[in-house]
Amino acid sequence: MDLQIKNLNKQYSNGVVALNNVSLTISKGMFGLLGPNGAGKSSLMRTLATLQDADSGTVTLGDIDVLNDKESLRKVLGYLPQEFGVYPRTSAAELLDHLALLKGFDNRSERKEIVNQLLIKTNLYELRKKSVSSFSGGMKQRFGIAQSLIGNPKLVIVDEPTAGLDPGERNRFYNILSEIGENIIILLSTHIVQDVRELCTQMAIMDNGKVLFSGNTDDALQLVKGKVWERKVEKSELPTYQMGYKIVSNKLVGGKPLIHVFSETDLDEGFVLAEETLEDVFFAKLNELI
Ligand code: ADP
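This section reports on the structure supplied with the text. Because the structure is a prediction, the values reported are computed rather than measured.

1. Some remarks on the site of the ligand
Step number 1: Looking at the ligand, there are 13 residues lining it, with Gly38, Gly40, Lys41, Ser42 and Ser43 nearest.
Step number 2: Protein contact buries 64% of the 560 Å² of open area that the ligand shows by itself.
Step number 3: Looking at which element gives the most residues to the shell around the ligand, the answer is helix H1 (residues 41-48), with four residues.
Step number 4: For the shell around the ligand, a count of residues per class yields five nonpolar, six polar and two charged.

Encoded structure:
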């Protein structure tokens, strides 16, 4: 069952075009939607989660007409929003139980079973009696995943889930996501290239409301393979390089700028061919070099 997004458009009342003719086909597995802040990722996620309307376009999940049959979509949707708001001072187990009740699981013992399984799956079982409001950022995100999985959704949408997590928490979160992502569609929006690199086989790059690339992560890498060159330079030399070359990225390594330059022809003058990375693809697309 695919999620098919066709020609989706959205303009806010302040004139900002957040979605500009967005079309994507998303199959089972983990799909990464990569874009800088303001690209339109949340607008797309909220539209797919039936929380806001598009101006035009169509979205189908299997035979569900997502934009016109919100009730049917919500029955098979799990959603972890960017901002969860205030967590009540309720224990993790009680809150999950309550959310399962709201989702229609009326039978007490069935609910207990569901809650326990979700707590185990997200490594929160030991913490089940603790108040969710006292959880760390990583624990809250794992709780967010647990609640999104109530009722075995077919589509799970997670909006910027790893922003603000430390590396250990991020890894724990990756492991949980990759386990649940095998049989359903998980749509992950992020501005963090590492999220997509580690988790996703399918991806899209978005900026200014437009899809700049969609396809396999491997195909994305092919776009820059053999065309990105790197060199360490002095800080004072940076402006000269910025004028003379198509700079893809520039980051400090050991205090010195390491520049990545896009070039279809071989470069000498101390440049060496860099191993292609998704980061190069991302910045080359955003800077319209490819
Ligand atoms: P992202 O999730 O990629 O950061 P958003 O979808 O949040 O992007 O935002 C896309 C653009 O739409 C931004 O320019 C943002 O300022 C604007 N925007 C988002 N929500 C609203 C809104 N409710 N009203 C007006 N403009 C909005």
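Moving on from the model shown.
2. Remarks on the side chain of Asp207
Step number 1: Residue position: Asp207 is located in strand S9 (residues 202-207).
Step number 2: Although Asp207 is buried, it makes no salt bridge; Lys41 carries the closest opposite charge, 8.0 Å away.
Step number 3: If we skip the residues at most four places from it in the chain, Asp207 touches Pro36, Ala39, Leu212 and Leu286.

3. Structural notes on helix H10 (residues 278-286)
Step number 1: Across the nine residues of H10, seven count as buried, placing the element largely inside the fold.
Step number 2: Of all the residues in H10, the buried ones are Leu278, Asp280, Val281, Phe282, Ala284, Lys285 and Leu286.
Step number 3: The first or second residue beyond H10 is Glu288, which carries a positive phi of 55°.

4. A word on the packing of helix H3 (residues 92-102) against helix H5 (residues 137-148)
Step number 1: Running from N to C, H3 and H5 cross one another at 30°; their axes reach a closest spacing of 10 Å. Between H3 and H5, the crossing angle belongs to the class labelled roughly parallel. Where H3 crosses over H5, the handedness of that crossing is right-handed. Contacts between H3 and H5 pair Ala92, Leu95, Leu96 and Leu99 from the former with Phe143, Ala146 and Gln147 from the latter.
Step number 2: When its residues are assigned to classes, the contact of H3 with H5 shows six nonpolar, one polar and no charged.

5. Brief notes about unusual backbone geometry
Step number 1: For Thr50, which is not a glycine, the phi torsion comes out positive at approximately 65°.
Step number 2: Among the structural elements, Thr50 can be located in the loop between H1 and strand S4 (56-61).
Step number 3: The phi dihedral of Asn152 falls on the positive side, at around 50°, and the residue is not glycine.
Step number 4: Along the polypeptide, Asn152 turns up in the loop between H5 and strand S7 (155-159).
Step number 5: The class for Asn152 is exposed, based on a relative accessible area of 68%.

6. Examining the environment of Leu124
Step number 1: Examined against the element boundaries, Leu124 turns out to sit in the loop between helix H4 (108-121) and H5.
Step number 2: For Leu124, a relative accessible area of 0% translates into the label buried.
Step number 3: Note: C-alpha distance between Leu124 and Met139 (15 residues apart in sequence) is 7.6 Å.
Step number 4: Dropping the residues within four chain positions of it, Leu124 is found in contact with Leu119, Phe135, Met139, Arg142 and Phe143.

7. A look at the packing of H5 against helix H6 (residues 167-180)
Step number 1: The interhelical angle for the contact between H5 and H6, taken along N-to-C directions, is 10°, at an axis separation of 9 Å. The orientation of H5 relative to H6 falls into the category roughly parallel. Contacts between H5 and H6 involve Gly137, Gly138, Met139, Gln141, Arg142 and Ile145 on the former and, on the latter, Glu169, Arg172, Phe173, Ile176, Leu177 and Ile180.

About the thresholds
Residues numbered from 1 in each chain as written. Predicted model: local features only at pLDDT ≥ 70, side-chain atom pairs only at ≥ 80, totals over all residues. Heavy atoms only, no water. Near = heavy atom within 4 Å. Areas by Shrake-Rupley, 256 points an atom, 1.4 Å probe, with all protein chains shown as cover. Helix = DSSP H or I, 4+ residues; strand = E, 2+ residues; numbered from the N terminus. Nonpolar A, V, L, I, M, F, W, Y, C, P; charged D, E, K, R; others polar. Buried < 20%, exposed > 50% of the residue type's maximum accessible area, 1.4 Å probe, protein only. Lys, Arg positive; Asp, Glu negative; His and termini not counted. Salt bridge = Lys/Arg side-chain N within 4 Å of Asp/Glu carboxyl O. Contact = heavy atoms within 4.5 Å. Axes fitted to C-alpha atoms, helices over the stretch in contact; angles between N-to-C directions. Parallel < 35°, antiparallel > 145°, perpendicular 65-115°, else oblique. Left-handed = near helix turned anticlockwise from the far one by under 90°.

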